[in-house]
Amino acid sequence: MVGGALQIAGLLLGGLGMIGTFAVTGMPQWRVSAFIENNIIVFETIWEGLWMHCIRQANIRMQCKVYDSVLALSPDLQASRGLMCAGSVLSFLAFVVAIIGMKCTRCVRSSWQAKGYIILTAGLLFILSGAVELIPVCWVANTIISDFYNPAVNVAQKRELGEALYLGWAAAFCLIAAGAIFCCFYRCCEKTRSYGYSAPTHYSTDSQRLHRKTESSYSKSQYV
C-alpha cells in the first residue's frame, strides 16, 4: 500500500517536472527588460528566450521573432538551448520508464527484482534530468545578476530574471524529488526481498533442530 502511494507520488512529481521542463524550454521569458535609471519605458517589455525574443507593448500587442542564427545568442543561451533539449528528452524517457515499472508491478508480480531495477532506472533518469536542467537555469540567472550589477554594462542591456527561470527551478526540484522517491522505493523493495529470502532459512533451520530433537527422543524411548 505504501509502495503504491510512493510510486503514484513519484510519477505525479515526475510528470509535473517533465511538463515544466517542456514549458521552460519553449518560453521566451528567460530574460526580461529591467526598468532602472533612465530605462523607464514601462509600456514596452522585452523578453529573450532560447528560440525567440518578443516585444510586448502596453499589454495589448506582442510581437515575437525567431532568432535568425544560433550565433545571435549569447554563449549562455546557446549552451542552455542544448542542455534544455537534453533535459526534456531525459525527463520524458524517465517518465516512460517509470510507467513501464508501475505496469510491471501488476503484470509480473513474481519478478520483484526486474521491477526494482526498472524503478531504479527511472529514478536515476529523473535525478539526471533535474541536474541537467539546473545547469542552464542557474547559469543564465548568474549571468543576468552579474550583468545587472556590472557598471560597465549599458543600462539598456541589463535584464532581470524572467518567469521561465523560476519555473525551471520548480521543475528541476520536482524531477529530483521524483527520482529520490523512486530510488527510496527501490531500496524498500530490496529490503523486503532480502527479508523474504532470509525468513524461510531461519524457519528451515529451526524446523531441522526440532526434527533432530524429536528423533533423538524417539530413539531413547526405543532403547528403553
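Residues numbered from 1 in each chain as written. Predicted model: local features only at pLDDT ≥ 70, side-chain atom pairs only at ≥ 80, totals over all residues. Heavy atoms only, no water.

### Notes on the confidence of the model for the protein
Here is step 1: Mean pLDDT over the protein stands at 79; residues scoring 70 or higher make up 73%.
Here is step 2: The secondary structure element of the protein with the lowest average pLDDT is helix α4 (residues 163-223), at 67, and the one with the highest is helix α3 (residues 112-148), at 90.
Here is step 3: Segment residues 195-204 is flagged for pLDDT under 50; beyond a separation of four residues in sequence, or across chains, it makes zero contacts in the model.
Here is step 4: Across residues 214-224, confidence stays below pLDDT 50; counting only partners more than four residues off in sequence or on other chains, it has zero contacts. (pLDDT = per-residue confidence, 0-100. Helix = DSSP H or I, 4+ residues; strand = E, 2+ residues; numbered from the N terminus. Contact = heavy atoms within 4.5 Å.)

### Side note on the nonpolar core
Inside soluble globular proteins, nonpolar side chains tend to come together where they are buried.
Here is step 1: Among the nonpolar cores identified, the biggest contains 16 residues, and Leu11, Phe95, Ala98, Leu125, Phe126 and Phe182 are the most heavily contacted of them.
Here is step 2: Those elements giving two or more residues to this core turn out to be α1 (2-26), α2 (75-107), α3 and α4.
Here is step 3: Beyond its immediate sequence surroundings of up to four residues, Phe126 is in contact with Gly14, Ser91, Ala94, Phe95, Ala98, Leu175, Ile176, Ala178, Gly179 and Phe182.
Here is step 4: Counting residues in hydrophobic clusters, the runner-up holds 14 residues, among them Val24, Met27, Ala164 and Leu165. (Core = buried A, V, L, I, M, F, W, Y, C linked by side-chain atoms within 4.5 Å. Buried < 20%, exposed > 50% of the residue type's maximum accessible area, 1.4 Å probe, protein only.)

### Quick look at the state of the cysteines
Here is step 1: According to the stated counting rule, one finds one disulfide in the structure shown.
Here is step 2: Disulfide partner of Cys54: Cys64, at an S-S distance of 2.0 Å. Because the torsion about its S-S bond is 110°, the bridge between Cys54 and Cys64 counts as right-handed. Of the two residues, Cys54 sits in strand β3 (residues 52-57) while Cys64 sits in strand β4 (residues 61-66), which places them ten residues apart along the sequence.
Here is step 3: Cysteine Cys183 remains unbridged, with the sulfur of Cys184 as its closest cysteine sulfur at 7.1 Å.
Here is step 4: For Cys184, a relative accessible area of 45% corresponds to the partly exposed category. (Disulfide = S-S within 2.5 Å.)

### Observations regarding the packing of aromatic side chains
Here is step 1: Summed over the entire model, instances satisfying the criterion amount to three aromatic pairs.
Here is step 2: Here Phe126 and Phe182 contribute two aromatic rings whose centre-to-centre distance is 5.9 Å and whose plane-to-plane angle is 10°, an arrangement assigned as stacked. Of this pair, Phe126 sits in helix α3 while Phe182 sits in helix α4; the two residues are 56 residues apart in sequence, bridging distant segments of the chain.
Here is step 3: Assessed through its relative accessible area of 0%, Phe126 is described here as buried.
Here is step 4: When the ring centre of Phe148 is taken as reference, the NZ or CZ atom of Lys158 above it lies at 6.0 Å. (Phe/Tyr/Trp six-rings, centres within 6.5 Å; stacked < 30°, edge-to-face > 60°. Lys NZ or Arg CZ within 6 Å of the ring centre and 35° of its normal.)

### Let's talk about the pattern of salt bridges
Here is step 1: Inspection of the entire model under this criterion finds four salt bridges.
Here is step 2: Arg31 is the partner of Glu48 in a salt bridge, and the nearest nitrogen-oxygen pair spans 3.9 Å. Here the residue Glu48 occupies a position in strand β2 (residues 44-48), and Arg31 occupies one in strand β1 (residues 31-33), the gap between them amounting to 17 residues. Arg31 carries the same exposure label as Glu48, and that label is buried.
Here is step 3: For the salt bridge of Lys65 with Asp68, the shortest nitrogen-to-oxygen distance reads 3.9 Å.
Here is step 4: According to the relative accessible area criterion, Lys65 is partly exposed, its value standing at 46%. (Salt bridge = Lys/Arg side-chain N within 4 Å of Asp/Glu carboxyl O.)

### What to know about the sheet that holds β1
Here is step 1: One open sheet accounts for five strands, arranged β4-β3-β2-β1-β5; its pairing is antiparallel. In this open sheet, the two strands that pair with only one neighbour each are β4 and β5 (159-161). For this sheet, the mean inter-axis angle between neighbouring strands, taken without regard to orientation, is 25°.
Here is step 2: When β1 meets β2, the two strands line up antiparallel, connected through two bridges. When the sheet's bridge partners are listed, Val32 is paired in β2 with Trp47. (Pairing = 2+ DSSP bridges. Axes fitted to C-alpha atoms, helices over the stretch in contact; angles between N-to-C directions.)

### Some remarks on the environment of Asn150
Here is step 1: By the secondary structure assignment, Asn150 is in the loop between α3 and β5.
Here is step 2: Under the relative-accessibility criterion, Asn150 is labelled partly exposed at 30%.
Here is step 3: A distance of 3.2 Å separates a polar atom in the side chain of Asn150 from the backbone nitrogen of Ala152. (Polar contact = N/O pair within 3.5 Å; in protein donor to acceptor, adjacent residues only side chain to side chain.)

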